[in-house]
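Here is what each chain is made of, one letter per residue.
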Amino acid sequence: MINDERPNRLPDSLPADPMHWADAWLKEAISTRVRRNPDAMTVVSVSSDGQPSARLVLCRKFVPDPGYLVFHTNYQSKKCLDFENNPRAAAVFHWDTLGRQIRIEGLIVKSPREESDSYFANRDKGSQLGAWGSDQSYPIQSKDKLIRQIRDRGISMGLSLREGTTQFTEAPASTIKRPPHWGGLRLWANAIELWIEGRDRIHDRGRWSRNIMPASETEFTVTPWSGTRLQP
Amino acid sequence: MEWDEAATLINKLKISNMGVISLFIFNVSLTCFGAEFVREYPNLTVDVSQVDETLLIDVGGRIWTLPNNGGQAIQITQTTHDLSQPRLSRDGTKILVNANSTEGMTTMFVDLATNELYPLIATDMNTQDAAWHPDGERVIYASRNHEHQLDIWEVDLLTGLTWRLTNNPDDDSSPVWSQNGRHLAWIRKMNDRYSLILRRHSEADKVVLESDLRISSLSWRPDDSLISFLRHHEKKATLDAVILSDPTVTKTLDREDKFVTAPVSWINRMTMFYTANGTIRSRHFGDRNSRQIHFRALIVE
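Figured I'd write up the structure that's included with this text. Here the structure is a predicted model, which is why all the values come from computation and not from measurement.

1. Brief notes about the environment of Asp-17 of chain A
Residue and element names in this part refer to chain A. Following the sequence through the fold, Asp-17 ends up in the segment before helix 1 (18-31). Residue Asp-17 is classed as partly exposed on the basis of its relative accessible area of 23%. With 210 residues separating them along the chain, Asp-17 and Gly-227 place their C-alpha atoms 8.8 Å apart. Leaving out residues up to four positions away in the same chain, Asp-17 has contacts with Pro-64 and Trp-225.

Shown next as structure tokens:
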């Protein structure tokens, strides 16, 4: 269903910096709670043999200027193995009730350690334990075995957990440090498309691109965006 | 003594550069030249900076800053608009204000880097009760719809994009984001009854307080543990708070001061600033009494 309250087109003269528009759309989706996880996006990686794979992750930070977004993961996961071989990635946000979609393409780098530490420190304790207890994307025989593995690792860290569960009997006295194999990934955008749903499938699309050049392990220098309108 | 202070202050303010007055005025009465020291002001409101803990106040249609322990106020806006109710963004770069002009009252913001005044939204939609999102990039406000009911909206200042957060037959007003930007509180008026609504992140809207008396001026404590508000009795308002425990607890924080209808401003989780009887007051959370923060502002017409 198209929401008639919102403009059904991009400005005739496309915005010079589309990342600010994408940021505003994401803020609207979060503020208006269009769904339970409004910041969920599909991220696509490509393996060294050219096989793409997609999964949903949560976009925890969107930085329109200079233009990257951040999500967090286990650095030993399948997607991170893909990114080690091929740092190119694509991401898609789609909010059906808003009639909007954002597509972003670019390069993946690890977040600075401090950024990952800061985010991890603010996660709830259960999620912090989960990051230590799960070897993401590796096989395990059963859910019960997974629970036991998480429990065993939690107890070995001195945590007090309820019998047979991963729930804390009391709040951990000390902080749980971020596992070295877990942290943020930054997707630096070199292309972005904003899509607004239109009646009779006459959608409005704007696509922008720019060059990004590595400046350090986590930063890029960027050229200005160049945009064009596309037919639906 | 005040002549010397005035001279010093006027030099600081570079008022002579404005072509309004020049140095010879120090030999004659300030009042003759439309200059006046003010220590109280009707409907004075105050906000506290999260950056350097200075205070912002509105005196004579201008916005001023002063230390949080009082003293000389320095004028920081130069505009023909009559400005009131300053609310500083968390990064200290912009001030939301009510701007009164011949065309009526509207919400604007001052970019402190340029001292330029901008309308909050580009359309002629009416706006009231504007408050910052903690990110400093968004402003939440109430606006009347075609049926003359108030809804809550939000605007992204960089793009000018706006969106509606509530849409129902009642009046929704006074929206405020929690300090962590994850929870939203506002007042709903339905059939002359007032409710304080809380929309926690990922949870359904919840009524945390109902009142037959008007309530206004919501403000989150910095640790997001309670929401303070004014409850308007027949003759005066009390400063009350809903403690967001489970179940919630409502208590009166202050029933002595004659409050101006504006949110209190917290400098930290234990100390708040507000205005009453045209003066600035500061109050420790656990104290029964407030103390006056003395100030002087030199208004030059």
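2. A look at the sheet that holds strand 16 (residues 184-190) of chain B
Neighbouring strands of a sheet are bound in pairs by backbone hydrogen bonds; such pairs are parallel or else antiparallel. Residue and element names in this part refer to chain B. If you trace the 4 strands from one edge of the open sheet to the other, you get 15-16-17-18, paired in antiparallel fashion. With one partner strand each, in any of the chains shown, strand 15 (171-177) and strand 18 (206-211) form the two edges of the open sheet. Pairwise comparison of adjacent strand axes, ignoring direction, gives a mean angle of 20° for this sheet.

3. Details of the layout of surface pockets
Here the largest pocket defines a volume of roughly 1,900 Å³. Taken together, 50 residues line the largest pocket, and the ones lying closest to its centre are Asp-39, Cys-59, Arg-60 and Tyr-119 of chain A together with Arg-182 of chain B. When residues in the lining of the largest pocket are grouped by element, the largest group, 5 residues, is from helix 1 of chain A. By residue class, the composition of the lining of the largest pocket is 16 nonpolar, 16 polar and 18 charged. As a volume, the second largest pocket reaches approximately 1,000 Å³. Lining the second largest pocket are 44 residues; nearest its centre among them are Arg-87, Ala-131, Val-176, Leu-218 and Pro-263 of chain B. Of all the elements in the fold, those that place two or more residues in the lining of the second largest pocket are strand 2 (46-48), strand 7 (82-88), strand 11 (128-132), strand 15, strand 16, strand 19 (214-220) and strand 23 (265-268) of chain B. With 7 residues, the single largest contributor to the lining of the second largest pocket is strand 19 of chain B. Residue composition of the lining of the second largest pocket, by class: 21 nonpolar, 16 polar and 7 charged.

4. Considerations on the packing of aromatic side chains
This model, assessed by the stated rule, comprises 8 aromatic pairs over all chains. With a centroid separation of 6.1 Å and an interplanar angle of 5°, the aromatic rings of Tyr-119 of chain A and Trp-182 of chain A are classed as stacked. Here Tyr-119 of chain A is found in helix 3 (residues 113-121), whereas its partner Trp-182 of chain A is found in strand 7 (residues 182-196), with 63 residues between them in sequence. Residue Tyr-119 of chain A is classed as partly exposed on the basis of its relative accessible area, which comes to 23%. Residue Trp-182 of chain A is classed as buried on the basis of its relative accessible area, which comes to 7%. The interplanar angle of 45° and the centroid separation of 6.2 Å between the aromatic rings of Trp-266 of chain B and Phe-285 of chain B together place this pair among those described as tilted. Highlighted residues: Trp-266 of chain B in strand 23 and Phe-285 of chain B in the loop between strand 25 (279-284) and strand 26 (291-293), separated in sequence by 19 residues.

5. What to know about the sheet that holds strand 4 (residues 62-66) of chain B
Residue and element names in this part refer to chain B. Spatially, 2-3-4-6 is the arrangement adopted by the 4 strands of the open sheet, whose pairing is antiparallel. A single partner strand is all that each edge strand has here, and the edge strands are strand 2 and strand 6 (74-75). Sheet topology places strand 2 next to strand 3 (residues 55-59); 3 bridges connect them, and they run antiparallel. Bridge pairing in strand 3 links Val-48 to Leu-55.

6. Quick word on the pairing of strand 24 (residues 271-276) of chain B
Residues and elements named next belong to chain B. When you tally the buried positions in strand 24, you get 6 out of 6 residues, the bulk of the element. Neither face of strand 24 is left uncovered, since the one carrying Thr-271, Phe-273 and Thr-275 and the one carrying Met-272, Tyr-274 and Ala-276 both have all their residues buried. Bridge analysis of strand 23 against strand 24 gives 3 bridges, and the strand direction is antiparallel. Residue pairing for strand 24: Trp-266 is matched across the bridge by Met-272. In this structure, the hairpin formed by strand 23 and strand 24 is closed by a connection of 2 residues. Linking two consecutive strands that pair antiparallel, namely strand 24 and strand 25, is a turn of 2 residues; a positive phi of about 55° is found at Asn-277 within it.

7. Examining the interface of chain B and chain A
On the chain A side, the residues contacting the 20 residues of chain B number 12 residues. Counting the surface chain B buries against chain A, the share from its top three residues, Thr-159, Leu-161 and Trp-163 of chain B, is 38%. As a salt-bridge pair, Glu-137 of chain B and Lys-27 of chain A come within 2.5 Å of each other at their nearest N and O atoms. At the boundary of chain B with chain A, the tally comes to 7 residue pairs in polar contact (both at pLDDT 80 or more). Listing elements by their share of the side of chain B that touches chain A, those giving two or more residues are strand 13 (150-156) and strand 14 (162-164) of chain B. A per-class count over the side of chain B that touches chain A returns 7 nonpolar, 3 polar and 10 charged.

8. A closer look at empty space enclosed by the protein
Residue and element names in this part refer to chain B. Within the structure shown, the criterion is met by 2 cavities of 30 Å³ or more. Its volume calculated, the second largest cavity comes out at about 30 Å³. Every residue along the wall of the second largest cavity is listed here: Thr-45, Val-46, Val-260, Ala-262, Pro-263, Tyr-274 and Thr-275. Here the residues of the lining of the second largest cavity are counted per class, giving 5 nonpolar, 2 polar and no charged.

Criteria and thresholds
Residues numbered from 1 in each chain as written. Chains lettered and ligands numbered in written order. Predicted model: local features only at pLDDT ≥ 70, side-chain atom pairs only at ≥ 80, totals over all residues. Heavy atoms only, no water. Helix = DSSP H or I, 4+ residues; strand = E, 2+ residues; numbered from the N terminus. Buried < 20%, exposed > 50% of the residue type's maximum accessible area, 1.4 Å probe, protein only. Contact = heavy atoms within 4.5 Å. Pairing = 2+ DSSP bridges. Axes fitted to C-alpha atoms, helices over the stretch in contact; angles between N-to-C directions. 1 Å grid on protein atoms, 1.4 Å probe; cavity = no way out; pocket = protein on both sides within 12 Å on 5 of 7 lines; lining within 4 Å. Points joined across faces, edges and corners; volume = space filled by probe spheres on them. Nonpolar A, V, L, I, M, F, W, Y, C, P; charged D, E, K, R; others polar. Phe/Tyr/Trp six-rings, centres within 6.5 Å; stacked < 30°, edge-to-face > 60°. Buried area = accessible area lost by both parts, 1.4 Å probe. Salt bridge = Lys/Arg side-chain N within 4 Å of Asp/Glu carboxyl O. Polar contact = N/O pair within 3.5 Å; in protein donor to acceptor, adjacent residues only side chain to side chain.

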